[in-house]
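# Residue-level structural notes
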Amino acid sequence: MKQVFFVIFSCLALLSQVSCEKSEVSEFTDTPIIEAYLEPGDYLTVKVKRQIPFAGNVQYSADDINNLILTVSYNGGTHLLTALGNGVYIDSSIIVNEGENYSVSFQFNSKFVSAYTYIPSKPQNMTQSATEIAIAKLDTTSGPPSQGSQPDPIQINWSNTDGSYYLILVENIESVLDPIRDFGDNDPPGNLFRKSPTKLGVEEIRAMEFQYYGTHRIILYHVLPDYATLYDSNSTSSQNLSNPSTSIINGYGIFTGLNSDTLYVEVTE
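What counts as what
- Residues numbered from 1 in each chain as written.
- Predicted model: local features only at pLDDT ≥ 70, side-chain atom pairs only at ≥ 80, totals over all residues.
- Heavy atoms only, no water.
- Helix = DSSP H or I, 4+ residues; strand = E, 2+ residues; numbered from the N terminus.
- Buried < 20%, exposed > 50% of the residue type's maximum accessible area, 1.4 Å probe, protein only.
- Contact = heavy atoms within 4.5 Å.
- Areas by Shrake-Rupley, 256 points an atom, 1.4 Å probe, with all protein chains shown as cover.
- pLDDT = per-residue confidence, 0-100.
- Phe/Tyr/Trp six-rings, centres within 6.5 Å; stacked < 30°, edge-to-face > 60°.
- Pairing = 2+ DSSP bridges.
- Axes fitted to C-alpha atoms, helices over the stretch in contact; angles between N-to-C directions.
- Polar contact = N/O pair within 3.5 Å; in protein donor to acceptor, adjacent residues only side chain to side chain.
- Core = buried A, V, L, I, M, F, W, Y, C linked by side-chain atoms within 4.5 Å.

### Overview of the overall build of the protein
Looking only at helices and strands, the protein features three helices and 18 strands. Counting all 269 residues of the protein, 44% fall into the buried class. Sequence-distant contacts, at least 24 apart, represent 76% of the contacts inside the protein between residues at least 6 apart. Total accessible area on the protein stands at roughly 13400 Å², and carbon and sulfur atoms take up 47% of it.

Printed below as a string of structure tokens:
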């Protein structure tokens, strides 16, 4: 499930480029980008990367991105993470738990970099209005379906008494994808789609959002405000994008906790 979530925010690559784009109008500062999504049951893993400058005459610090000393503090103890290469650091003795607080720190470019987060609760009372949805197959001659011919959307409900942020991701889990429509000469879409973060306790998944027949898992993520802010920031002009996470000091990126529950729906012809 963590692999699915990383697909959501591969947009951090955009954040790294934009940070440097803004730096062109002022002096470039070699500031690290942190990327970590902490979910219960996973090993504690953090990725650190550098900004990607548009200008070629910038000066990087002497820090080796694969040889940093990263420490994580939680539950009253401090742990040294192990470098795996490509900026990835892990401690396989730490299993992320719901309700725990985690902080990471290291030195970079003569500055003390730190970030903190906590793991929110698992979504409660998640339900769905249907476990199956029938969608007629479309070809290049049939044209788009009319509004009246579409089946009712699937409604997903959950408890959200405190106005927390939630996000739904829908993934087709078939080994061979069976398309609903003819994509023609266009590249076929991916096997998953997501909804925007919401502070409500309900979301609708419409028939037109599905691209393939078969079994889909509906993953409801309980996310933190910094995740929602990053999502919103990447939907605006890149000129306005700045580091959205207030939990990171002397760095960019995201260091956040999340929790999830899953239901399934069958898309049939």
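### Notes on the confidence of the model for the protein
In this model, the protein carries an average pLDDT of 85, and 80% of its residues clear a pLDDT of 70 or more. The low-confidence segment residues 6-11 (pLDDT under 50) makes 14 contacts with residues lying over four places distant or belonging to another chain.

### Brief notes about the packing of aromatic side chains
Within this structure, the stated rule accounts for four aromatic pairs. When the ring of Phe183 is compared with that of Tyr212, the centres are 6.0 Å apart and the planes differ by 70°; the resulting orientation is edge-to-face. Remark: Tyr212 occurs in strand β16 (residues 212-223) and Phe183 occurs in the loop between β13 (178-179) and β14 (192-194); sequence separation between them is 29 residues. Of the two residues, Phe183 and Tyr212, both sit in the buried class.

### Remarks on the side chain of Ser114
By the element assignment, Ser114 lies in strand β8 (residues 111-118). Setting aside its immediate chain neighbours within four residues, Ser114 contacts Val104, Ser105, Ser247, Ile248 and Ile249.

### Overview of the sheet that holds strand β11 (residues 154-159)
Taking strand neighbours across the sheet as the criterion, the three strands line up as β9-β11-β15 in an open arrangement whose pairing is antiparallel. Looking at the sheet topology across the chains shown, the edges are occupied by β9 (124-128) and β15 (202-205). Direction aside, neighbouring strands of the sheet carry axes that sit 15° apart on average. As paired elements, β11 and β15 share four bridges and run antiparallel to each other.

### Quick notes on the environment of Ser73
Counting through the fold element by element, Ser73 comes out in strand β3 (residues 71-74). Excluding its chain neighbours within four sequence positions, the residues that come into contact with Ser73 are Thr78, Asn101, Tyr102 and Ser103. A polar atom in the side chain of Ser73 sits 3.5 Å from the side chain of Thr78.

### Considering the sheet that holds β3
The strand order β4-β3-β7-β8-β17 describes an open sheet built from five strands, whose pairing is antiparallel. Since the sheet does not close on itself, it has two edges, and those belong to β4 (77-80) and β17 (248-249), each with one partner. In this structure, β8 lies alongside β17, joined through two bridges in antiparallel fashion. Across the sheet, the residue bridging to Ser114 is Ile249, located in β17.

### Focus: the nonpolar core
One finds Leu44, Val46, Leu70, Tyr102 and Phe255 to be the most contacted residues of the largest nonpolar core, which totals 24 residues. Those elements that provide at least two residues to this core are β1 (33-38), β2 (43-49), β3, β6 (88-95), β7 (101-108) and β8. Top element by residues in this core is β7. It accounts for four residues. Those residues in contact with Leu70 that sit more than four places away from it in its chain are Val46, Val48, His79, Leu80, Leu81, Tyr89, Val104, Ser105 and Phe106.

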